[in-house]
Amino acid sequence: MSEMQDPHNYRKVGYSMILVAASLAAIGIVQLGIGEDVLFGDQMQRDKTAFFEMCKAGNYMQEGCEMFDKPGNTLYEIPRMTLDDTEESETMVMEQPVMEAPQVSAEIVSIPEGSGAPGCEETNECYIPPALNISSGTTVVWENNDSAAHLATSGTPDGGPDGSFDSGMIMAGATYEFEFLDKGEFVYYCLVHPWMVGTVTVE
Ligand SMILES: [Cu+2]
């Protein structure tokens, strides 16, 4: 609805209604009576719009302007003509579908520079963070910030891959992402640098 409260929209609709009124007036040449009504209605609408603009300019303090003083300051309160604009009115009040981006939650695990040589395991910095706690449905993105290729393969250096996930080779500067749906603790390691071990705990 917020889009519909934009006064510019109403102005456009107002102009299009004036156009509709004008074309009806042209048709009304055949039926003079109706044509006059249309022109009269058109003038009424112009007057009301002008009145609204006057109220708006005066911050709705003038007499008779109270009805416009509402959030959005739109032409909403101006009674609409009931010419042939019923279809337009329907589209005007129709709710716009709200496009919501799907909720994506992601966590990043960095593979830091130098982890291709033993030593990072001494400070537990082969994967940062080495132990990650997430909720089910979270996507974990491994970012290889090292100059060597690495992996993030579920399992342990002693037991081998367990098949839960396997990044394959993550080239330098590349990423691998995996969405964790199953709960549990997932230990993973780097196949080519077995001192690199990390865990993801899904709750
Ligand atoms: Cu590695």
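Parameters at a glance
- Along each chain, numbering runs from 1 in the same order as the chain's sequence is written.
- It should be noted that, the model being predicted, local features are given only for residues of pLDDT at least 70 and side-chain atom pairs only at 80 or more, the latter also being counted only at that level, while totals for whole chains, interfaces and linings use all residues.
- Helix and strand labels come from DSSP, where a helix needs a run of H or I of at least four residues and a strand needs a run of E of at least two; each type is numbered from the N terminus.
- Residues with at least 20 neighbouring C-beta atoms inside 10 Å of their own are called buried, those with 12 or fewer are called exposed, and the rest are partly exposed, where every C-beta is derived from the backbone.
- Two residues qualify as being in contact provided that their C-beta atoms, derived from the backbone, are within 7 Å of each other.
- Here a strand pair is declared whenever DSSP counts at least two bridges between the two strands.
- Only the stretch in contact is used when a helix axis is fitted, and all axes are lines through C-alpha atoms; the angle between N-to-C directions ranges over 0 to 180 degrees.
- To define a nonpolar core, we join buried Ala, Val, Leu, Ile, Met, Phe, Trp, Tyr and Cys residues through C-beta atoms within 7 Å and take the resulting set.

A. Examining the overall build of the chain more closely. For the chain, the helix and strand inventory stands at three helices and eight strands. Taken from N to C terminus, the helices and strands of the chain fall in the order α-α-α-β-β-β-β-β-β-β-β. In the chain, buried positions account for 17% of the 203 residues. Excluding contacts between residues fewer than 6 apart, the proportion of contacts in the chain whose partners are at least 24 apart in sequence is 63%.

B. Focus on the sheet that holds strand 1 (residues 106-111). On the basis of which strands lie adjacent, the open sheet formed by three strands has the order 1-3-6 and mixed pairing. Edge strands, defined here as strands with exactly one partner in the open sheet, are strand 1 and strand 6 (175-180). Going from strand to strand, the sheet's axes swing by 20° on average, the running direction of each strand aside.

C. Structural context of the nonpolar core. Counting 18 residues, the largest nonpolar core has Tyr-127, Val-140, Trp-142, Ala-152, Ile-170, Cys-190 and Met-196 as the members making the most contacts within it. For this core, the elements supplying multiple residues, two or more each, are strand 1, strand 3 (138-144), strand 6, strand 7 (184-190) and strand 8 (193-202). When residues of this core are assigned to their parent elements, the largest contribution, four residues, is made by strand 7.

D. Expanded view of the sheet that holds strand 7. Pairing in this open sheet of five strands is mixed, and the strands run 2-8-7-4-5 from one edge to the other. Looking at strand neighbours, the two that pair on one side only are strand 2 (131-134) and strand 5 (160-166), the edges of this open sheet. When the angles between neighbouring strand axes are averaged without regard to direction, this sheet yields 40°.

E. Geometry of unusual backbone geometry. The amide bond that connects Ile-128 to the next residue, Pro-129, takes the cis arrangement and shows omega of 0°. Within the secondary structure layout, Pro-129 lies in the loop between strand 1 and strand 2. Unlike most non-glycine residues, Asn-124 shows phi in positive territory, near 55°. Position of Asn-124 among the secondary structure elements: in the loop between strand 1 and strand 2.

F. Just the pairing of strand 5, in detail. Examined bridge by bridge, strand 4 (residues 153-156) and strand 5 share three bridges and lie antiparallel to one another. Bridge pairing links Gly-155 to Pro-161 in strand 5. Taken together, strand 4 and the strand that follows it, strand 5, pair antiparallel across an intervening segment of three residues.

G. Geometry of the environment of His-193. Position of His-193 relative to the elements: it lies in strand 8. Sequence separation between His-193 and Ser-115 is 78 residues; the distance between their C-alpha atoms is 8.2 Å. Contacts of His-193, omitting those with residues within four sequence positions, involve Ser-115, Gly-116 and His-150.

H. Highlighting the environment of Pro-161. With respect to the helices, strands and loops of the structure, Pro-161 is situated in strand 5. Placed 27 residues apart in sequence, Pro-161 and Tyr-188 show a C-alpha to C-alpha distance of 8.1 Å. Discounting chain neighbours no more than four positions away, the residues touching Pro-161 are Thr-153, Ser-154, Gly-155 and Asp-166.

I. Expanded view of the environment of Val-192. When you line up the elements, Val-192 lands in the loop between strand 7 and strand 8. The exposure class of Val-192 is partly exposed, given the 13 C-beta atoms found within 10 Å. Between the C-alpha atom of Val-192 and that of Pro-157, which follows or precedes it by 35 residues, the distance is 9.8 Å.

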